[in-house]
Amino acid sequence: MTPSADFTVNSCTQRQTGPVRLAVLALVMGLVAVPVMAQGVYRIVGPDGRVTYSDQPPPAHVNARPVGSATANTVASANAQLPFALRQVASRYPVTLYTSTDCAPCNSGRNLLNSRGIPYSEKTITTAQDSEALKRLSGETSLPFLTIGSQQIKGYSDAEWTQFLDAAGYPQQSVLPSQYRRPAPSPLVAVEAAQRAAPVTNRPQTPAEPVVPVAPPVLNPSGIRF
């Protein structure tokens, strides 16, 4: 991947498909036993204006908001089209794929999810804020990064991803309805457009009307009337 000038580059990782069954099995047991909500990250603005990210919800008085919350309604709308059994699995163990451009393992992971008909959200890492938020979630900035419920998988391994998806209960072949439309990829950190004041147009000035001097009234001390 070509390094960017404004933030640390995210390395793409192809996981080796060696003897990882015992480690995967232990994690799979945790995946099946404890259904949890999708992992989130919060953007926190401190009193000094400094922006930080955390995967822990801050106190109520702290100025914070969930990152990427703008796409939640889109994902919920897409999942409403799923068959009941698949919708239940996607609700208990939502899948999120974190990718970047020029990342071959990211493409491999995306192809695997698409071929199995896995409903997932895709978050792109393209800015320094995206990179910082990803590091808060995974502890590093390597990609691809996959979450299935609370489980985190760093790097791409066909065998490992397949075992986790099977354990979560996702079908091995696509059962997506023909009308299903996958949500479009979105940045991990939503960019808020700055509100700009409307430009002041230079309007031609209307020439001032000439001032007509007012003549003083003529006094008629004689009291003559006409």
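Residues numbered from 1 in each chain as written. Predicted model: local features only at pLDDT ≥ 70, side-chain atom pairs only at ≥ 80, totals over all residues. Heavy atoms only, no water.

S.K.: Lay out the side chain of S142 with the relevant residues and their values.
M.R.: Structurally, S142 is set in the loop between helix 5 (128-138) and strand 6 (145-148). There is a polar contact of 2.5 Å between the side chain of S142 and the side chain of E140. If we ignore the near neighbours within four places in the chain, the residues touching S142 are S11, T13 and L134. (Helix = DSSP H or I, 4+ residues; strand = E, 2+ residues; numbered from the N terminus. Polar contact = N/O pair within 3.5 Å; in protein donor to acceptor, adjacent residues only side chain to side chain. Contact = heavy atoms within 4.5 Å.)

S.K.: Before we move on, can you summarise the pattern of salt bridges with the specific residues and values?
M.R.: This model, assessed by the stated rule, comprises three salt bridges. Note that R116 and D166 form a salt bridge whose closest N and O atoms lie 2.8 Å from each other. Of the two residues, R116 is situated in helix 4 (residues 104-116) and D166 in helix 6 (residues 158-168); the sequence distance between them amounts to 50 residues. In this structure, K154 engages E140 in a salt bridge whose closest nitrogen and oxygen atoms are separated by 3.9 Å. Residue K154 is found in strand 7 (residues 151-154), and its partner E140 is found in the loop between helix 5 and strand 6; the two are separated by 14 residues along the sequence. By relative accessible area, K154 is classed as partly exposed at 29%. (Salt bridge = Lys/Arg side-chain N within 4 Å of Asp/Glu carboxyl O. Buried < 20%, exposed > 50% of the residue type's maximum accessible area, 1.4 Å probe, protein only.)

S.K.: Please set out the nonpolar core residue by residue, giving values where relevant.
M.R.: Core analysis: the largest hydrophobic core is formed by 22 residues, its most contacted members being V95, L113, L146, I148, W161, L165 and Y170. No other element matches the four residues that helix 6 contributes to this core. Residue contacts for W161: discarding those within four places in its chain leaves L97, G109, L112, L113, P144, L146, I153, G155 and Y156. Within the second largest apolar cluster, 11 residues are counted, among which are C106, A133, L137 and F145. (Core = buried A, V, L, I, M, F, W, Y, C linked by side-chain atoms within 4.5 Å.)

S.K.: Pulling in residues and values, what's your account of helix 5?
M.R.: Within helix 5 the residues assigned to the buried category are D130, S131, A133, L134, L137 and S138. When helix 5 is viewed along its axis, its buried side chains cluster within an angular range of 165° and face the same direction. (Arc of directions from axis to C-beta.)

S.K.: Requested: an account of the state of the cysteines, with residues and values cited.
M.R.: Under the counting rule described, the total for this entry stands at two disulfides. Residue pairing for C12: its cysteine sulfur links by disulfide to C103, the two sulfurs lying 2.4 Å apart. Of the two residues, C12 sits in the segment before helix 1 (21-33) while C103 sits in the loop between strand 4 (95-99) and helix 4, which places them 91 residues apart along the sequence. With relative accessibility at 27%, the residue C12 sits in the partly exposed group. A relative accessible area of 1% places C103 in the buried class. (Disulfide = S-S within 2.5 Å.)

S.K.: Can you lay out the packing of aromatic side chains for me, pointing to particular residues and giving the numbers?
M.R.: One pass over the full model with this rule turns up two aromatic pairs. Plain terms: the ring middles of Y98 and F145 are 5.2 Å apart, the flat faces sit at 40° to each other, and that makes the pair tilted. On the criterion of sequence distance, the pair formed by Y98 in strand 4 and F145 in strand 6 is long-range, its members being 47 residues apart. Among the residues examined, Y98 registers a relative accessible area of 4% and is labelled buried. Accessibility expressed as a relative area gives 1% for F145, which makes it buried. Here Y156 and W161 contribute two aromatic rings whose centre-to-centre distance is 4.9 Å and whose plane-to-plane angle is 80°, an arrangement assigned as edge-to-face. A relative accessible area of 0% means that W161 is categorised as buried. (Phe/Tyr/Trp six-rings, centres within 6.5 Å; stacked < 30°, edge-to-face > 60°.)

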